[in-house]
Amino acid sequence: SYMSAADGTQQPTTSREGGPTTCRSVILSNAPTDLRLCNAEYDRLFANDPAEFWNAHCCRVGIPFSLQKSMDNVGNVWAGMDAVTDYQARPIVSSAKDCGSATNQQFQQGRPPSLLVLSCSRDFAFPTSNEGAWEAVLDPSYTGRVQFVNFADCAHYPFYEDSATYGKTIETFLSQVDEEECA
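In this text, all values refer to a predicted model and were calculated from it rather than measured experimentally. (Residues numbered from 1 in each chain as written. Predicted model: local features only at pLDDT ≥ 70, side-chain atom pairs only at ≥ 80, totals over all residues. Heavy atoms only, no water.)

Our next topic: the pattern of salt bridges. Counting across every chain of the model gives five salt bridges. When the shortest N-O distance is used, the salt bridge between R122 and D153 registers 2.7 Å. One end of the pair, R122, is in the loop between β4 (114-120) and α6 (133-137); the other, D153, is in the loop between β5 (146-151) and α7 (158-161), with 31 residues separating them in the sequence. The partner of E171 in a salt bridge is K168, and the shortest N-O contact between them spans 3.9 Å. With E171 and K168 both in helix α8 (residues 163-182), this residue pair falls three residues apart, about one helical turn. Through salt bridges that share partners, R60, R122 and D153 make up one connected network. (Salt bridge = Lys/Arg side-chain N within 4 Å of Asp/Glu carboxyl O. Helix = DSSP H or I, 4+ residues; strand = E, 2+ residues; numbered from the N terminus.)

Okay, here's the thing in structure tokens:
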């Protein structure tokens, strides 16, 4: 299949391997917009109650085996928040323009990928002070293309804490994206 490019030419919507050539959806799960805020909240919450920090703000069901195994085998380049301590989200449109990709064309045409932003009320990585921060980073072309979902009684690992709801949320979002693309 093809889509019309801005210059009127027809561009294939799939790669030679059969996959899409543009990004159709993005899911941000417990992703802070500013690591300095995240680290400050982490430090505050840990100092408040070090003994209960993990259960209250990381994973409310302990440490599942698969999570422990992942943590035990983490690499040394991107391990921990120190690897990205200066990260601060910038407007997504400028990021797409910088890379000169097919995604940039989507933004130029006013059709960015659909976006799902997931947060958890007890998560150290998405402090209350960060609420509304993703809206400030998103371009107006995202109007109607973004969904915000908060898992009210989860911490940083909602896929362990409430896997059924987490999975259903992802499934529903991706089904909606597919329906939009086929319409």
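With that settled, the discussion passes to the sheet that holds strand β3 (residues 25-29). Spatial ordering of the open sheet is given by β3-β4-β5, a layout of three strands whose pairing is parallel. Each edge of the open sheet is held by one strand with a lone partner, namely β3 and β5. The average angle at which neighbouring strand axes cross in this sheet is 15°, direction not considered. Examined bridge by bridge, β3 and β4 share five bridges and lie parallel to one another. The residue bridging V26 from the neighbouring strand is L115, located in β4. Contacts from α8 reach β3, β4 and β5 within the one sheet, and its direction differs from that of β4 by about 165°. (Pairing = 2+ DSSP bridges. Axes fitted to C-alpha atoms, helices over the stretch in contact; angles between N-to-C directions. Contact = heavy atoms within 4.5 Å.)

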